Amino acid sequence: MIGLISATAAGAAARDRLAAAWPDRTRVYDGPVKDAVRAAFAECEQLVCFLATGAVVRLIAPLLGEKASDPGVVCVDEGGRFAVSLVGGHAGGANELAHAVGGVLGAEPVVTTATDAVGLPGLDTLGFPVEGDVAAVSRALLDGEPVALEAEVSWPLPPLTVAAEGAYTIRVTDRAVEPAEREVVLRPPTLVVGVGASRGAPVEEVLGLVEGALRDAGLSVASLAELATVDAKAEEPGIVEAARRLGVALVTYAAEELAKVDVPNPSEAPLAAVGTPSVAEAAALVGGGELLVPKRKSAMVTCAVGRRPGRGRLAVVGLGPGARDLLTPRAQQELRRASVLVGLDQYVDQIRDLLRPGTRVLESGLGAEEERARTAVAQARKGHAVALIGSGDAGVYAMASPALAEASDDIDVVGVPGVTAALAAGAILGAPLGHDHVSISLSDLHTPWEVIERRVRAAAEADLVVTFYNPRSRGRDWQLPKALAILSGHREPTTPVGVVRNASRPDESSRLTTLAELDPATVDMMTVVTVGNTATRQIAGRMVTPRGYRWQEEAK
């Protein structure tokens with residue numbers, strides 16, 4: 001919960017805007033400010049104070065305890081111009097909260113945490129446990145000193161400016177080791193413990209066996225990702241409570257699925273009881289990986305420990321039509337999360353300033369879409385966090401299709417939508433896409449013209465608004481006239497047509513014309529052509545397609 005505190009009418013107005021935007025996440029604290037801050041500090045995970053930073057410093061100073069447990073505090077000035085991350089930037093999430101508050105209120109987020117200020121990811125913000133001298137290693141990264149990365153297990157990480165050797169070390173491991181001097185240990189969630197139990201097995205016995213198996217194998221409980229068992233034990237109290245106390249998910253599998261897993265120690269007993277020759281070992285290995293601890297037993301419990309493979313991550317990111325403010329926040333997050341960026345050189349140039357230091361950029365020129373897709377998938381298969389970028393929406397005439405055609409289920413794939421050229425052009429023209437519409441590429445480089453022509457004809461007969469992508473190039477100058485001729489057989493010469501070039505970019509241009517008056521020679525590959533349907537009209541210089549056909553009926 002986020003506590004909201006204000007002292008003046010102006011602060012209360014901004015406070016109420018934030019409360020209205022986040023009704024389920026916020027709680028307004030009224031009354032004397034000192035009492036409100038004290039109550040919110042004790043009861044909430046985060047605070048947003050619509051007060052001067054000096055006042056907030058004095059109010060929270062007596063309340064501060066441990067960095068790891070104090071709430072994150074953000075200050076917003078009376079004018080709503082700035083959202084300042086004051087306390088708990090990383091541990092309390094104040095840096096992220098400042099950006100989120102700024103997005104709602106239109107305030108500029110102010111983050112002074114050293115790593116964030118220079119674009120480096122905080123070692124304590126990577127999403128899994130961290131131990132050791134975080135401050136010293138972070139300072140070494142900031143100062144450009146060589147920091148070695150020792151990855152004992154493979155796991156996708158954000159970009160880090162690391163070296164092969166250095167006086168400081170970042171170690172990625174699931175082993176139970178103590179950090180050395182000048183070392184940070186990152187513990188990714190690599191371990192899965194498969195558990196089987198007789199009915200009524202006490203939680204203490206489950207915990208004792210699981211923790212003992214990890215300890216004896218020299219493995220850290222901090223890298224435990226989940227307990228796994230058979231569906232029949234999904235509600236076994238001892239297993240359920242053990243997962244809760246360990247702070248991990250309990251994942252269950254059907255007996256038929258577990259029975260397909262090849263294990264070293266099958267048994268007749270679980271086969272007779274729940275329908276699979278192995279519960280513990282099979283549950284630990286069902287997702288693939290390595291068996292670190294074979295099945296071991298206590299009186300009523302069995303367990304086995306597996307290490308799941310570090311799965312690479314491929315984010316296919318749509319950059320939008322070009323304007324920075326049409327690049328979504330989610331896209332920006334994925335760009336900053338990726339340790340490897342793959343893309344067309346001109347698209348890379350658009351967002352190069354958003355990349356974190358240490359990001360490896362693999363760029364290429366026009367016409368290498370399939371090769372870029374293969375490169376991105378190959379990098380993800382090596383365990384990296386990869387972003388593959390495309391303009392507009394990556395799933396529309398862009399990189400998602402070739403990438404997903406290459407990818408199999410051995411990597412995680414995330415799609416990040418973007419504003420398409422058709423949508424950007426439509427917003428500039430007015431509301432041409434107000435009713436059913438279709439986008440058709442006139443490029444026959446990947447699609448035979450016979451197929452394209454059939455689709456144009458179908459759209460004409462169905463009276464759909466049509467947006468033409470790739471309408472005309474120096475080597476393809478006859479396709480657009482042919483497509484317009486097909487539409488002319490089903491629509492009046494006065495049908496509105498919108499032509500937008502470089503939508504949302506600095507040299508953007510647009511004009512409204514008609515089907516009869518459009519000169520194809522004025523169109524190029526940077527242009528989107530939108531042809532209205534029989535109901536589309538020009539109104540006050542804008543292209544409008546009504547949501548129904550009532551206008552046509554009234555005009556008769």
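Here the structure is shown first, and the text comes after it.
First things first, this report covers the structure right here in the doc. (Residues numbered from 1 in each chain as written. Predicted model: local features only at pLDDT ≥ 70, side-chain atom pairs only at ≥ 80, totals over all residues. Heavy atoms only, no water.)

## Topic: the side chain of lysine 233
Right, on to step 1. Assignment of secondary structure puts lysine 233 in the loop between strand 12 (224-230) and helix 8 (237-246).
Right, on to step 2. Discounting residues that sit within four places of it in the chain, lysine 233 has contacts with Ala197, Ser198, Arg199 and Ile239. (Helix = DSSP H or I, 4+ residues; strand = E, 2+ residues; numbered from the N terminus. Contact = heavy atoms within 4.5 Å.)

## Here's the deal with the pattern of salt bridges
Right, on to step 1. Evaluation of the coordinates by the stated rule reveals 25 salt bridges.
Right, on to step 2. Note that aspartate 216 and arginine 296 form a salt bridge whose closest N and O atoms lie 2.9 Å from each other. Of this pair, aspartate 216 sits in helix 7 (residues 203-216) while arginine 296 sits in strand 14 (residues 290-297), placing them 80 residues apart in sequence.
Right, on to step 3. Among the charged side chains, a network of salt bridges with common partners joins Glu150, Glu152, Arg171, Arg175 and Glu183. (Salt bridge = Lys/Arg side-chain N within 4 Å of Asp/Glu carboxyl O.)

## Overview of the packing of helix 17 (residues 449-461) against helix 18 (residues 479-488)
Right, on to step 1. At their nearest, the axes of helix 17 and helix 18 sit 9 Å apart, and the two run at 30° to each other. If you check the angle between helix 17 and helix 18, you find them roughly parallel. When the axes of helix 17 and helix 18 are compared, the crossing they make is right-handed. The residues of helix 18 that touch helix 17, namely those facing Trp449, Glu453, Val456, Arg457 and Ala460, are Gln479, Lys482, Ala483, Ile486 and Leu487.
Right, on to step 2. Its residues assigned to classes, the contact of helix 17 with helix 18 shows six nonpolar, one polar and three charged. (Axes fitted to C-alpha atoms, helices over the stretch in contact; angles between N-to-C directions. Parallel < 35°, antiparallel > 145°, perpendicular 65-115°, else oblique. Left-handed = near helix turned anticlockwise from the far one by under 90°. Nonpolar A, V, L, I, M, F, W, Y, C, P; charged D, E, K, R; others polar.)

## Side note on the sheet that holds strand 3 (residues 46-50)
Right, on to step 1. With respect to topology, six strands assemble into an open sheet ordered 2-1-3-4-5-6, the strand pairing being mixed. Every other strand in the sheet has two partners, leaving strand 2 (26-29) and strand 6 (108-110) as the edge strands with one partner each. Taken over all neighbouring pairs, the strand axes of this sheet differ in orientation by 25° on average, direction set aside.
Right, on to step 2. In terms of strand pairing, strand 4 (residues 72-76) meets strand 5 (residues 82-87) through four bridges, oriented antiparallel. If you follow cysteine 75 over to strand 5, its bridge partner there is valine 84.
Right, on to step 3. Along the sheet face, helix 1 (residues 9-21) touches strand 1 (2-6), strand 2 and strand 3 and points at about 160° away from the line of strand 1. (Pairing = 2+ DSSP bridges.)

## What to know about unusual backbone geometry
Right, on to step 1. Residues other than glycine seldom take positive phi values, yet arginine 182 does so here, at roughly 60°.
Right, on to step 2. Locating arginine 182 in the fold gives a position in the loop between strand 9 (168-172) and strand 10 (183-186).
Right, on to step 3. Classification of arginine 182 as partly exposed rests on a relative accessible area of 38%.
Right, on to step 4. For asparagine 470, which is not a glycine, the phi torsion comes out positive at approximately 45°.
Right, on to step 5. Within the fold, asparagine 470 resides in the loop between strand 23 (465-469) and helix 18. (Buried < 20%, exposed > 50% of the residue type's maximum accessible area, 1.4 Å probe, protein only.)

## Quick word on the packing of aromatic side chains
What describes a pair of aromatic rings is the distance from one ring centre to the other and the angle between the planes of the rings.
Right, on to step 1. For the coordinates displayed, the defined rule picks out two aromatic pairs.
Right, on to step 2. Seen from their ring centres, tyrosine 397 and tyrosine 469 are 4.8 Å apart, and the 55° between their planes marks the pair as tilted. Of the two residues, tyrosine 397 is situated in the loop between strand 19 (385-390) and helix 15 (400-406) and tyrosine 469 in strand 23; the sequence distance between them amounts to 72 residues.
Right, on to step 3. A residue is classified by how much of its surface remains accessible, and tyrosine 469, at 11% relative accessible area, is buried.
Right, on to step 4. Ring plane angle 70° and centroid distance 5.0 Å describe the contact between tryptophan 449 and tryptophan 478, whose orientation is recorded as edge-to-face. With tryptophan 449 in helix 17 and tryptophan 478 in the loop between strand 23 and helix 18, the pair connects residues that are 29 residues apart, well separated along the chain.
Right, on to step 5. With a relative accessible area of 42%, tryptophan 478 lands in the partly exposed category.
Right, on to step 6. A cation sits over an aromatic face here: arginine 25 above tryptophan 22, 4.2 Å from the ring centre. (Phe/Tyr/Trp six-rings, centres within 6.5 Å; stacked < 30°, edge-to-face > 60°. Lys NZ or Arg CZ within 6 Å of the ring centre and 35° of its normal.)

## Regarding the side chain of aspartate 70
Right, on to step 1. Along the chain, the position of aspartate 70 falls in the loop between helix 3 (53-60) and strand 4.
Right, on to step 2. For aspartate 70, a relative accessible area of 12% translates into the label buried.
Right, on to step 3. A distance of 2.9 Å separates a polar atom in the side chain of aspartate 70 from the backbone nitrogen of glycine 65.
Right, on to step 4. Beyond its immediate sequence surroundings of up to four residues, aspartate 70 is in contact with Phe41, Leu63, Leu64, Gly65 and Gly92. (Polar contact = N/O pair within 3.5 Å; in protein donor to acceptor, adjacent residues only side chain to side chain.)

## Structural notes on the sheet that holds strand 9
Right, on to step 1. Pairing is mixed across the open sheet formed by four strands, whose spatial order is 7-10-9-8. Each edge of the open sheet is held by one strand with a lone partner, namely strand 7 (130-132) and strand 8 (147-151). With strand direction ignored, the average angle separating the axes of adjacent strands in the sheet is 20°.
Right, on to step 2. When strand 9 meets strand 10, the two strands line up parallel, connected through four bridges. Note that in strand 10 the partner of isoleucine 170 across the bridge is valine 184.
Right, on to step 3. Against the sheet, helix 6 (residues 134-143) contacts strand 7, strand 8, strand 9 and strand 10, and its axis sits at roughly 115° relative to strand 9.

## Things to note about the environment of threonine 169
Right, on to step 1. Following the sequence through the fold, threonine 169 ends up in strand 9.
Right, on to step 2. The class for threonine 169 is buried, based on a relative accessible area of 11%.
Right, on to step 3. Along the primary structure threonine 169 and valine 185 are separated by 16 residues, whereas in three dimensions their C-alpha atoms are 8.4 Å apart.
Right, on to step 4. Once residues lying within four places of it in the same chain are set aside, the contact partners of threonine 169 are Val137, Val147, Ala148, Glu150, Arg182, Glu183 and Val184.

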